[in-house]
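Each chain, written out:
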Amino acid sequence: MKQIILTAFALHISTVVFSQQTNQFKSIDNYVKEAIKVNQIPGLAIGVIKNGKIIFEQYYGTENLEDSKKVSPSSMFRIYSTSKLMTNVGIFQLIEQGKLSLEDNVSKYIENLPKDWENVKVKNLLTHSSGMPDFVAFNDILPEYSSSKTIERLSKEKMDFTTGSEFRYNQTNYMLLSMIIEKITGQSFENFILNNQFSDAKNQVVYSSNALEKIPNRVIKYNYNSETKKNEKSKDVEGKKAFPGNGIAITLPAFLKWSSHLSKNDFLNQKTKDMMWQPFEYGNKKDIFAYGWEISKANNIPSYGFSGGNVSAYRIFPQNNMAIVMMSNGYNFFPAQYQIVNHIAAIIDKNLTDDYSLAEESIINEFAKPNNPNAEKNYYTNKAKDLKWNFEGTLNNIGYILLRNARIDEAVKVFALNTKENPQSANAFDSLGEGYFSTKNYNLALENYKKSLELNPDNNNATSMIAKIQDLMKKN
């Protein structure tokens, strides 16, 4: 009798768990479909690993808009800067093997560095605290330039800030990390990463930073053209030096395998991962970032990850034994990678619900709808949920996106709402001034730029715009 009762109890538990997973699957699927609709995402792949098992793996939309080829497990999405995570793991593999130290000077491995770079350490590269000039900021550094030729060109530039004092995102850091890997291992950077992190999925991963290169199954990113109202294929071309920072195209199954290996300590032991995810101490005592990984918290529960090109994101939640992969090929309004990851995390585990993030997503989605009369009302409804919340940055971003999409009147309304909500913000009034300038309402533009300058006398943009407007008004 006991055996029958225990068997029945086990079956009941199994049925409950299956039912919960089915409901979660439906909830995630419904949410993702709505997110695709709101953000007009052409193609998307989403995967979730929980407790060592893939609990969600789905493919939506098309790889391309030309022949409507469906997204599938063989689709290799460009993940752009999310590629940095694999570079980070590669560096820490060498650290774990005793071949490298965070405290090593970069000059230990790379010759002919500018004098100002000689005391930059490996840890400064990973944490974007090096202060070195970023090669993407210089148009005369061509895609075909080698890393050494790029360094030679950058040696003519001054350091951006004192090493270690602050975070400033920089692709030069990762170019140097790849050079260090090649120096230590004697392998090409890409072969080292593929051999040590994708040995079981090499045919599902490719390195290329050239959007024009023809690669089977690689998905090309689309950029929305607000003037033509159409998606256009990305034409970004960067050289091999960009591989460690943005070079990977990968299938969802391969990315999920990579995540599983990371969680199982196949790549790094737990002590090394803890070191990698430790917050770096910046001189300004303000910036928060780990060694190559963003740190996010929901209800004080930490997670680590990164995003790329506004079309991909990865987040791992060690305490919850969960990871989420999101890869897409474009959007036409607001980059939604963080919103999607945060929302899915909350569906799976209520403890990971970030109410602010969900409110922000709701606000963005409503303003995304053209001439939506309920957008402002929805903003106030969400704002009322917690009086401590401030959406100044969100409203400012929405306003500029509307401006870029030639929805100028809507942009002005959002900028005006932001000044109403943040009457002491010089930046809010500066943006409203730009909005009115775009409508050629020079009187109101001048009024708001002056208000911005009053709030922040160091606002050089406001000063120059006031002079420009006054000159235009004289001519008219």
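None of the values given here were measured: they were computed from a predicted structure. (Residues numbered from 1 in each chain as written. Predicted model: local features only at pLDDT ≥ 70, side-chain atom pairs only at ≥ 80, totals over all residues. Heavy atoms only, no water.)

Visitor: Mind showing me how you'd approach the sheet that holds strand 1 (residues 43-50) here?
Guide: Within a sheet, each strand pairs with its neighbour through backbone hydrogen bonds, oriented either parallel or antiparallel. One open sheet holds the 6 strands; their spatial order is 2-1-12-11-10-9, and the pairing between them is antiparallel. The sheet is open, and its two borders are formed by strand 2 (53-61) and strand 9 (294-298), each paired with just one other strand. Pairwise comparison of adjacent strand axes, ignoring direction, gives a mean angle of 15° for this sheet. Where strand 10 (residues 301-308) meets strand 11 (residues 312-317), 5 bridges bridge the pair, whose relative direction is antiparallel. Among the inter-strand pairings, Gly305 is bridged to a residue of strand 11, identified as Arg315. Contacting strand 1, strand 2, strand 9, strand 10, strand 11 and strand 12 (322-328), helix 10 (residues 337-348) runs over the sheet at an angle of about 145° to strand 12. (Pairing = 2+ DSSP bridges. Helix = DSSP H or I, 4+ residues; strand = E, 2+ residues; numbered from the N terminus. Axes fitted to C-alpha atoms, helices over the stretch in contact; angles between N-to-C directions. Contact = heavy atoms within 4.5 Å.)

Visitor: What should I look at first to understand the pairing of strand 7 (residues 230-233) in this one?
Guide: Residues in a regular strand point their side chains to alternate faces of the sheet. The pairing of strand 6 (residues 222-225) with strand 7 spans 4 bridges and is classified as antiparallel. Looking at strand 7, one finds that Asn225 is bridged to Lys230. Counting the residues that bridge the hairpin from strand 6 to strand 7 gives 4 residues, and of these Lys229 lies at a positive phi of roughly 60°.

Visitor: Can you help me understand the packing of aromatic side chains in this one?
Guide: The final tally for this structure, using the stated rule, is 24 aromatic pairs. With a centroid separation of 6.4 Å and an interplanar angle of 75°, the aromatic rings of Phe167 and Tyr282 are classed as edge-to-face. Residue Phe167 is located in the loop between helix 4 (147-154) and helix 5 (171-185), and its partner Tyr282 is located in the loop between helix 9 (270-276) and strand 9; the two are separated by 115 residues in the primary sequence. Taken together, a centroid distance of 4.7 Å and an interplanar angle of 5° make the contact between Trp277 and Tyr304 stacked. With Trp277 in the loop between helix 9 and strand 9 and Tyr304 in strand 10, this residue pair connects regions lying 27 residues apart in the sequence. (Phe/Tyr/Trp six-rings, centres within 6.5 Å; stacked < 30°, edge-to-face > 60°.)

Visitor: Got a minute to help me understand the packing of helix 12 (residues 375-383) against helix 14 (residues 408-421) in this structure?
Guide: To describe two helices that pack against each other, one gives the angle between their axes and the distance between the axes. The interhelical angle for the contact between helix 12 and helix 14, taken along N-to-C directions, is 30°, at an axis separation of 12 Å. In this view, helix 12 runs roughly parallel relative to helix 14, as classed from their interaxial angle. Viewed along their axes, helix 12 and helix 14 form a crossing whose handedness is right-handed. Along the contact surface, helix 12 presents Glu376, Tyr379, Tyr380 and Lys383, while helix 14 presents Leu417, Lys420 and Glu421. Looking at the contact of helix 12 with helix 14 residue by residue, the classes come out as 3 nonpolar, no polar and 4 charged. (Parallel < 35°, antiparallel > 145°, perpendicular 65-115°, else oblique. Left-handed = near helix turned anticlockwise from the far one by under 90°. Nonpolar A, V, L, I, M, F, W, Y, C, P; charged D, E, K, R; others polar.)

Visitor: Would you mind going over the side chain of Glu366 with me for this structure?
Guide: On the secondary structure map, Glu366 appears in helix 11 (residues 355-368). Among all residues touching Glu366, those that are not within four sequence positions of it are Asn372, Ala375 and Asn378.

Visitor: Looking at this structure, I do not really get the sheet that holds strand 3 (residues 76-78). What am I missing?
Guide: The 4 strands are arranged 4-8-3-5 in an open sheet whose pairing can be described as mixed. If you trace the sheet from one side to the other, it starts and ends with strand 4 (205-207) and strand 5 (218-219), each paired once. Where strand 4 meets strand 8 (residues 248-250), 3 bridges bridge the pair, whose relative direction is antiparallel. Within strand 8, the position partnered with Val205 by the bridge is Ile250.

Visitor: Honestly, the packing of helix 13 (residues 392-404) against helix 15 (residues 426-438) in this entry has me stumped. Any pointers?
Guide: Close contact between helix 13 and helix 15 brings their axes to 11 Å; oriented N to C, the two are set at 15°. By the angle between their directions, the pair helix 13 and helix 15 is classed as roughly parallel. Of the two possible hands of crossing, helix 13 and helix 15 adopt the one that is left-handed. Across the interface between the two elements, Glu392, Asn396, Tyr400 and Leu403 from helix 13 touch Asn427, Ala428, Ser431, Glu434 and Ser438 from helix 15. Taken together, the residues of the contact of helix 13 with helix 15 break down into 3 nonpolar, 4 polar and 2 charged.

Visitor: Hey, could you run me through helix 14 in this one?
Guide: For an α-helix the count is 3.6 residues per turn, leaving residues at separations of three or four pointing the same way. Taking 1.5 Å of rise per residue, 14 residues should cover 20 Å, and helix 14 covers 20 Å from first to last C-alpha, within 8% of that figure. Inspection of helix 14 places Glu410, Ala411, Val412, Val414, Phe415, Leu417, Asn418 and Thr419 among the buried residues, and these make up the whole buried set. Against helix 11, helix 12, helix 13 and helix 15 lie the buried residues of helix 14. (Expected span 1.5 Å × (residues − 1). Buried < 20%, exposed > 50% of the residue type's maximum accessible area, 1.4 Å probe, protein only.)

Visitor: In this structure, what is going on with helix 15? I would like to understand it.
Guide: For helix 15, which comprises 13 residues, the first-to-last C-alpha distance of 19 Å matches the rise-based estimate of 18 Å (1.5 Å per residue) to within 8%. Here helix 15 lies mainly inside the structure; 10 of its 13 residues are buried. Regarding helix 15, the residues found buried are Ala426, Ala428, Phe429, Asp430, Ser431, Leu432, Gly433, Gly435, Tyr436 and Phe437. Residues of helix 15 that are buried sit in contact with helix 13, helix 14, helix 16 (442-455) and helix 17 (460-475). Taken from the residues just after helix 15, Lys440 is the one with a positive phi, measuring 65°.

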